[in-house]
Amino acid sequence: MDRDDAELMFQGVERQAELVRTGKTTSRALVEAALRRINRFDPALGAFRTVLAEQALAEADARDAEAEQDRGPLHGVPVAVKDEFDVAGQVTTFGGAANRTPAAADSEAVRRLRAAGAVVIGKTTMPEFGQWPFTESAAHGTAHNPWDTTRTPGGSSGGSAAAVAAGLVGAALGGDGGGSIRIPAACCGLFGLKPQRGRVSTAPNPHLWYALGTVGPLTRTVRDAALLYDVLAGTTPADRWSARPATTGWLRALETPPGRMRVGYSAKPAVPGIRPHPEHVGALLETVRALRALGHDVREVNPRYPDATAPFAAQFCGGVRAEAATVERPDLLEPRTRSTLALARLVPESAVERGIRAGERLADRADRMFTSMDLLLTPVIAARPRPVGSLDGAGLLTALARSRPMVAYTALWNVTGHPAASVPAGFGSDGLPLAVQLVGRRDDEVSVLRVAAQLEEARPWAETRPRLPVT
C-alpha cells in the first residue's frame, strides 16, 4: 500500500484529476492515500498545522457522487492550504496562537479551488504572519525539509513546500510577500511562481502586505502550476490590485513554444553585501548552457537594481501591523513579532502609502532592464538552506540578519510586482536541491512558464523523490 500511495501522490494534480476523470481511481482513494502518507511522514516533517481528515473524506465522497457535467479541472484532488488563508470552519492562525475563532467562509482563492473540484485536506505551517524565510513557529512547531530534515524547507510557505516535496499532496497554496513561494520552492526542489501583483485574489482581505504579497501554488511541475493558475486567476471588487487579464489560458499557452527568447543572466544579488554560494552560481551557469542548447539568446548582464529597502520595509511593517490588528489575543503574539510591531508603530500609514508609490516608480525603472531582454535569470537564494532552529533565541535584528541571504534575489520583485519563478536546477553536494529564478516583464507570466517548461523537459526533475524518515 505504501508504494501505491506514493505513486498516486507523486503524480501531481493534473494526472490525479485525469485518473479520477477516467475512473482509474476515486477522490476518496486519493484522499485516503494522502492521509496515510501524512500520518506516516508528517510527524517528522511538521508540514501540517491541522489535518482535516473527516471533512476531507466527506468532501471526497461528495465529489465522487457528483455528475460528470458538474466536475471541474481539479475534481477530487486533495490539496493543502497555507494557514494565512481562510478555510471555512477552521481558525486562520497566521502561524501563531493569537486567533481562536474559526473562519466563517473560505477565502476567495480557497473558494476557487473548491469550485474547481479540489478537496482541502489540511492547513500548512508558517512562521507568525509569514515574516521569515524559515518556517518556525512557537505555537505550531518547526517544518523540516524532506530532503534533509535537519535543514529548513524555507519560508514562509515552508509547510506547503514540505507537504508537496514529500508527496503528501500534489499541490499546496502559498503566499509570497518577499520570496515566500520561491524560497521554499528552491529549498525543496519544487516549481514555484510568484505571479504578477493582482493576478490572484487576496479577498476577503484587500491586500496581502499591501503591494508586496501575492497568492499562488507550490507544485512539482510547471504544468501543474499552469493548471492551478487557470483556476486561481482573477480578482474581486474587494481586491485593491488587479492585474491585466491573460489573453489565453496558461495551460493552453504551454502548447506554444516560446520561440527564441533573449535571456539576461546575473549572479549579482539585488541586496548589497551578499555573496552567493558557489554552487548556486554553478547552477546558474549550468542553466545558461541549457538555455543556449534550447536555442535562446543568453547573455550575461550587470543589472542596475534599484534600492527597494525603504518601500519594502514600509510595507512589511504596515502589513504585519494590519494582520496583527485582526487577531483576538495580541497578548499571545511571539516576542519577536511584538518587536516588529513596536517598529511598525513608528511607520505611519502615510509612509506605507509612500512606500507603495515608491515601489511603482521602482517598477518603471526595473522595466527598463527588460528593453534589452525578455527574461532575467538569477539564483533564487544566496545561501544553502540553513539548519532548523534559525529563529531559536533570535531577536528581531538577528532574525532580519539571518533572513537577508534568503531574500537577496527575491524581495525586489515583490516591490515591483513582476512575475518571478523558482525553477529546479539539480542538487548540491549536500544533497539539497538547487534552483534558479526566472523573472519576466510585468504581466508576462506566460513567458516564464514556457521557458521553465522547456527546462523541465530538458532536465526532468519531478520524478526525483526524497527519502523520507518515519517517526
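Residues numbered from 1 in each chain as written. Predicted model: local features only at pLDDT ≥ 70, side-chain atom pairs only at ≥ 80, totals over all residues. Heavy atoms only, no water.

(A) Representation of the pattern of salt bridges. By the definition in use, this model includes 33 salt bridges. Across the pair Asp 106 and Arg 114 runs a salt bridge whose closest N-O atoms are separated by 2.7 Å. Overlapping salt bridges, with partners in common, bring together Glu 59, Arg 63, Glu 66, Asp 106 and Arg 114 in one network. (Salt bridge = Lys/Arg side-chain N within 4 Å of Asp/Glu carboxyl O.)

(B) Representation of the packing of aromatic side chains in the model. Applying the stated criterion to the full structure yields six aromatic pairs. With a centroid separation of 6.3 Å and an interplanar angle of 70°, the aromatic rings of Phe 370 and Trp 413 are classed as edge-to-face. One end of the pair, Phe 370, is in the loop between helix H13 (349-369) and strand S11 (375-379); the other, Trp 413, is in helix H15 (residues 411-416), and 43 residues separate them in sequence. Ring-pair connections join several aromatic residues into one group, and the members of that group are Trp 209, Phe 312 and Phe 316. (Phe/Tyr/Trp six-rings, centres within 6.5 Å; stacked < 30°, edge-to-face > 60°. Helix = DSSP H or I, 4+ residues; strand = E, 2+ residues; numbered from the N terminus.)

(C) Structural context of the layout of surface pockets. By volume, the largest pocket amounts to about 750 Å³. If you trace the largest pocket, you find 34 residues lining it, with Thr 309, Phe 312, Arg 404, Val 407 and Ala 411 closest to the centre. Sorting the residues of the lining of the largest pocket by element identifies helix H11 (309-324), helix H14 (396-407) and H15 as the ones contributing at least two each. It is H11 that provides the largest number of residues to the lining of the largest pocket, a total of five residues. Of the residues assigned to the lining of the largest pocket, the class counts are 21 nonpolar, ten polar and three charged. Residue lining of the second largest pocket: 25 residues in total, with Glu 84, Phe 94, Asn 205, Glu 323 and Thr 326 positioned closest to the centre. Looking at the lining of the second largest pocket, the element that brings in the most residues is H11, giving three residues. A class-by-class count of the residues in the lining of the second largest pocket yields twelve nonpolar, ten polar and three charged. (1 Å grid on protein atoms, 1.4 Å probe; cavity = no way out; pocket = protein on both sides within 12 Å on 5 of 7 lines; lining within 4 Å. Points joined across faces, edges and corners; volume = space filled by probe spheres on them. Nonpolar A, V, L, I, M, F, W, Y, C, P; charged D, E, K, R; others polar.)

(D) A positive patch on the surface, seen in detail. Positive charge collects at one region of the surface, where Lys 268, Arg 304, Arg 365 and Arg 368 lie side by side. Counting through the fold element by element, Lys 268 comes out in the loop between strand S9 (262-265) and helix H10 (278-293). (Patch = residues over 30% accessible without salt bridge, like charges linked within 9 Å, V, L, I, M, F, W, Y side chains within 5 Å. Areas by Shrake-Rupley, 256 points an atom, 1.4 Å probe, with all protein chains shown as cover. Lys, Arg positive; Asp, Glu negative; His and termini not counted. Charge placed at Lys NZ, Arg CZ, Asp CG, Glu CD.)

(E) Main features of empty space enclosed by the protein. One pass over the structure, following the stated rule, counts four cavities of 30 Å³ or more. Put simply, the largest cavity is a space of about 100 Å³. Taken together, the residues of the lining of the largest cavity break down into eight nonpolar, six polar and four charged. Of the pockets and cavities examined, the second largest cavity occupies roughly 80 Å³. Every residue lining the second largest cavity is counted, 14 residues in all, and those nearest its centre are Glu 84, Gly 130, Ser 156, Gly 177 and Trp 209. Here the lining of the second largest cavity is built from residues that sort into three nonpolar, seven polar and four charged.

(F) Representation of the environment of Arg 329 in the model. By the element assignment, Arg 329 lies in the loop between H11 and helix H12 (335-344). With 315 residues separating them along the chain, Arg 329 and Glu 14 place their C-alpha atoms 41 Å apart. Of the polar contacts made by the side chain of Arg 329, one reaches the side chain of Asp 331; its length is 2.7 Å. (Polar contact = N/O pair within 3.5 Å; in protein donor to acceptor, adjacent residues only side chain to side chain.)

(G) Molecular detail of H14. Across its twelve residues, H14 extends 16 Å between first and last C-alpha, which sits within 8% of the 16 Å expected from 1.5 Å per residue. Those residues of H14 that fall on the buried side of the exposure criterion are Leu 396, Ala 399, Ser 403 and Met 406. What you see down the axis of H14 is that its buried residues fit within an arc of 75°, all on one side. (Expected span 1.5 Å × (residues − 1). Buried < 20%, exposed > 50% of the residue type's maximum accessible area, 1.4 Å probe, protein only. Arc of directions from axis to C-beta.)

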